[in-house]
Amino acid sequence: MTEPPDRRLLLVHAHPDDESINNGATMARYAAEGARVTLVTCTLGERGEVIPPELAHLSGAALGAYRQSELDAAMRALGVADHRLLGGPGRYGDSGMMGLADNDDPGCFWQADVDEAAGYLVEVILEVRPQVVVTYDPDGGYGHPDHIQAHRVAMRAVELAAEAGWSVAKVYWNRVPRPVAEEGFARLQEALPGLPFAKAGAIDDVPGVVDEDRVTTAVDGTAYAAAKAAAMRAHATQIEVAEPWFALSNQQAQPLFTDEYYELVRGERDEGVERIPVRETDLFDGIAVTAEGGA
C-alpha cells in the first residue's frame, strides 16, 4: 500500500472559481512540490451570473454542470488531482446573493444543517488526513451566504474530525493585507485606460481584506502566476482575465494577486525568537510532517 504524501492540504470553497481567485498560486505551488492538495467545493454555483454572451443561455442545473467542467479544467491548470463536491454533485445548491429569495430555497447550501454538511467534510478529512485546512473567515470574506456557510461547515468539520481521531494541525482563513490591496488598486488606476473593463473595483469588494497585523502568512506564488491565471481563465462563465487584472460579471477590474495571504486561526506558528515578527512563508511551517501527519 502506497503511503500518502507527507504534506496534505485541504481547501474548502463555496463555488467553482473561488479556489482559483483566492488560492490558485498556493494550490499550484504545493501540488508542484509533491504535497497532496484536496479541494472541496460546496456548490456548483448554479445561480452565478454568466459573462460570455454565447453562454448566456446557461442557468440552473445546466450552468452547474458547465461550471463543474470549468472546475475540472482549472484543476488541471493547477496540477491538482483531488477535487470533490461536498456530499457529491448536486447535494447543495447555490444560495444566490445575500438577501434574495434564493436564500430560502430548502435545497440551497445556506439552508443546510451545518452538522450534516460538516459530516460529509469529516469523511474527506478522515480519508485525506490533512495537516492544514484553508477556508474563509466568519463573514465568508465578503458576506455571501455560501461563503459564510462554507466557513461554518469547515470549522465544525475540523472539530468533529478531532473527536473522530484526526486533529488538523493548522487552520487558515484567506486574507489580503490592506496595504497590498491599496498598492494593487493604485497600479490598476494607472493601467485602466488600456484595459477592456468598465472601471476599477473597490478595495472593499476584494474578499478578506484586513489590516496588515491580522496577516500571519504570505505564500510566494510568483513562479505559479501563469498557472493561477490559466485556472481563473478556465472559469470563463465567471471571470474575464487580462493579466495582471481580472473582472467578474460586474466588469469592475481587480488586481490578480500572485502572492497569497492567510491568517492562522488554529494551531501554532513556528516562531523562533529570530523570526518574530516575520510572517510565515509556508502553510506547513512549524509542523513536524510525517506520513502519519499531525504536529
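The rules we used
Residues numbered from 1 in each chain as written. Predicted model: local features only at pLDDT ≥ 70, side-chain atom pairs only at ≥ 80, totals over all residues. Heavy atoms only, no water. UniProt positions renumbered as here; feature names shortened; annotations may be inferred. Core = buried A, V, L, I, M, F, W, Y, C linked by side-chain atoms within 4.5 Å. Buried < 20%, exposed > 50% of the residue type's maximum accessible area, 1.4 Å probe, protein only. Helix = DSSP H or I, 4+ residues; strand = E, 2+ residues; numbered from the N terminus. Contact = heavy atoms within 4.5 Å. Phe/Tyr/Trp six-rings, centres within 6.5 Å; stacked < 30°, edge-to-face > 60°. Lys NZ or Arg CZ within 6 Å of the ring centre and 35° of its normal. 1 Å grid on protein atoms, 1.4 Å probe; cavity = no way out; pocket = protein on both sides within 12 Å on 5 of 7 lines; lining within 4 Å. Points joined across faces, edges and corners; volume = space filled by probe spheres on them. Nonpolar A, V, L, I, M, F, W, Y, C, P; charged D, E, K, R; others polar.

By the naming in an unreviewed UniProt entry, the protein chain goes by 1D-myo-inositol 2-acetamido-2-deoxy-alpha-D-glucopyranoside deacetylase and is assigned to Streptomyces lacrimifluminis. Note on the protein chain: under the UniProt heading Catalytic activity (unreviewed entry), the record states "1D-myo-inositol 2-acetamido-2-deoxy-alpha-D-glucopyranoside + H2O = 1D-myo-inositol 2-amino-2-deoxy-alpha-D-glucopyranoside + acetate". Under Function (unreviewed entry), UniProt gives the following word-for-word description of the protein chain: "Catalyzes the deacetylation of 1D-myo-inositol 2-acetamido-2-deoxy-alpha-D-glucopyranoside (GlcNAc-Ins) in the mycothiol biosynthesis pathway."

Our next topic: the nonpolar core. By size, the foremost hydrophobic cluster in this structure holds 28 residues, and its most contacted members are Leu10, Leu86, Phe109, Leu121, Ile125, Val153 and Val168. Counting only elements with at least two residues in this core, the list comes to strand S1 (8-13), helix H3 (114-128) and helix H4 (145-164). Sequence-distant contacts of Val153, defined by excluding residues within four places in its chain, comprise Leu86, Phe109, Val114, Ala117, Ala118 and Leu121. Counting 27 residues, the second largest nonpolar core, distinct from the first, contains Leu9, Leu11, Leu39 and Leu78.

The next thing to look at is the packing of aromatic side chains. Within the structure shown, the criterion is met by 4 aromatic pairs. When the ring of Tyr92 is compared with that of Tyr120, the centres are 6.3 Å apart and the planes differ by 65 degrees; the resulting orientation is edge-to-face. One end of the pair, Tyr92, is in the loop between strand S3 (82-85) and H3; the other, Tyr120, is in helix H3, and 28 residues separate them in sequence. Taken together, Tyr92, Phe109 and Tyr120 form an aromatic cluster joined through their ring pairs. Residue placement shows Arg29 over the ring face of Tyr30; its charged tip is 5.1 Å from the ring centre. Positioned above the aromatic ring of Trp166 is the side chain of Arg129, whose terminal nitrogen or guanidinium carbon lies 6.0 Å from the ring centre.

Our focus in this paragraph is empty space enclosed by the protein. The final tally for this structure, using the stated rule, is 3 cavities of 30 Å³ or more. Considered as a void within the structure, the largest cavity measures approximately 180 Å³ in volume. Forming the boundary of the largest cavity are 18 residues, of which Ile21, Asn22, Val176, Lys228 and Phe257 lie nearest the centre. Looking at the lining of the largest cavity, the elements with two or more residues in it are helix H1 (18-32), strand S5 (170-177), helix H6 (225-234), strand S11 (252-255) and strand S12 (260-266). Classifying every residue of the lining of the largest cavity gives 10 nonpolar, 4 polar and 4 charged.

One number sums up the size of the largest pocket: a volume of about 690 Å³. Lining of the largest pocket is provided by 25 residues; of these, Met97, Tyr142, His144, Leu248 and Ser249 occupy positions nearest its centre. Here the lining of the largest pocket takes 3 residues from H1, the largest share from any one element.

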